[in-house]
Amino acid sequence: EPYIHQLLPSILTCMVGKDLCINVLIEDHWSLRRYACQLMLNITHTYGYAYTTLKPRLIQTFVQLYHNVDLPLTTHYGALLGLNALGTQVIAAFVVPQLDAYLTLLLPKLHNQDTSQRLQAIYVYDILRQAIGQYIKDEMIENTQEIAHKMDQLQKKLATKLQQQSTSTSSS
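Computed from a prediction, not measured in an experiment: that's the story for all the values here. (Residues numbered from 1 in each chain as written. Predicted model: local features only at pLDDT ≥ 70, side-chain atom pairs only at ≥ 80, totals over all residues. Heavy atoms only, no water.)

## Topic: the overall build of the chain
- Along its length, the chain carries 7 helices and 0 strands.
- When the elements of the chain are put in sequence order from the N terminus, they spell out α-α-α-α-α-α-α.
- Here the C-alpha radius of gyration of the chain, 24 Å, is well above what a compact globule of 172 residues would show, namely 16 Å.
- With 172 residues in all, the chain has 31% of them scored as buried.
- A fraction of 64% describes how many contacts in the chain between residues 6 or more apart in sequence connect residues 24 or more apart.
- A total accessible area of about 11,000 Å² is found for the chain, and carbon and sulfur atoms account for 57% of it. (Helix = DSSP H or I, 4+ residues; strand = E, 2+ residues; numbered from the N terminus. Rg over C-alpha atoms; globule rule 2.2 N^0.38 Å. Buried < 20%, exposed > 50% of the residue type's maximum accessible area, 1.4 Å probe, protein only. Contact = heavy atoms within 4.5 Å. Areas by Shrake-Rupley, 256 points an atom, 1.4 Å probe, with all protein chains shown as cover.)

## Notes on the confidence of the model for the chain
- Of all residues in the chain, 94% attain a pLDDT of 70 or more, and the chain-wide mean is 87.
- The element-level mean pLDDT for the chain is lowest in helix H7 (residues 115-171), coming to 82, with helix H4 (residues 73-85) highest at 96. (pLDDT = per-residue confidence, 0-100.)

## Observations concerning the packing of aromatic side chains
- Overall, the coordinates contain 4 aromatic pairs when judged by the stated rule.
- Here Trp30 and Tyr123 contribute two aromatic rings whose centre-to-centre distance is 4.0 Å and whose plane-to-plane angle is 5 degrees, an arrangement assigned as stacked. Of this pair, Trp30 sits in helix H2 (residues 29-47) while Tyr123 sits in helix H7, and the two are 93 residues apart along the sequence.
- Of the residues examined, Tyr123 reaches a relative accessible area of 27% and is grouped as partly exposed.
- On the numbers, 4.8 Å between centres and 40 degrees between planes, the contact of Tyr66 with Tyr102 is tilted. With a gap of 36 residues between them, Tyr66 in helix H3 (residues 54-67) and Tyr102 in helix H6 (residues 99-106) connect regions that are remote in the sequence.
- Since its relative accessible area comes to 1%, Tyr66 is described here as buried. (Phe/Tyr/Trp six-rings, centres within 6.5 Å; stacked < 30°, edge-to-face > 60°.)

## Describing the pattern of salt bridges
- Throughout the structure, instances matching the rule amount to 1 salt bridge.
- In this structure, Asp126 and Arg129 form a salt bridge, with 2.4 Å as the shortest nitrogen-oxygen distance. Within this pair, Asp126 and its partner Arg129 are both found in helix H7, separated by 3 residues, close to a single helical turn.
- Asp126 sits in the partly exposed class, given a relative accessible area of 29%.
- Under the relative-accessibility criterion, Arg129 is labelled partly exposed at 47%. (Salt bridge = Lys/Arg side-chain N within 4 Å of Asp/Glu carboxyl O.)

## Focus on the packing of helix H1 (residues 4-16) against H2
- Axis separation between H1 and H2 bottoms out at 8 Å; the angle between their running directions is 145 degrees. Between H1 and H2 lies a crossing whose hand is left-handed. In contact with Ile4, Leu8, Ile11, Leu12, Cys14, Met15 and Val16 of H1, H2 contributes Leu32, Arg33, Ala36, Cys37, Leu39, Met40, Ile43 and Tyr47.
- Classifying every residue of the contact of H1 with H2 by side-chain character gives 14 nonpolar, no polar and 1 charged. (Axes fitted to C-alpha atoms, helices over the stretch in contact; angles between N-to-C directions. Left-handed = near helix turned anticlockwise from the far one by under 90°. Nonpolar A, V, L, I, M, F, W, Y, C, P; charged D, E, K, R; others polar.)

As structure tokens, then:
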């Protein structure tokens, strides 16, 4: 526990660092970024209760990196990976509102002649697609539950009205 503040900078560097390898086309730095994200998430779940500012500080860091268009796509990938790992509420609050603007910047890079840039854009697009997909799925589940609750309330009201109506007609 006392070493978290020493571990997190290294873990975050492995998630969002610009250059984690020499040749991005051959070396698999994407797996390192995903593994570092899992470590970050485990630390957050394990020690978040003791360090109440941990999750908000991580979110702030990832949001700043995601919104900085001057940073490389590898950094955006790590930031989106972190935001996605921290939950759909985080995606709803910090990614969805900027989605159109971000896609305007990202989509042309999917057709870039530079293979390295195109590969990075594909990975960023994929994590973005996963995050938005989970967000939509969660929204649909929440809306379905809300609709089911409203239908249940309407059925109860209808049953009450029918009972009142049958009581009033039988007493007449």
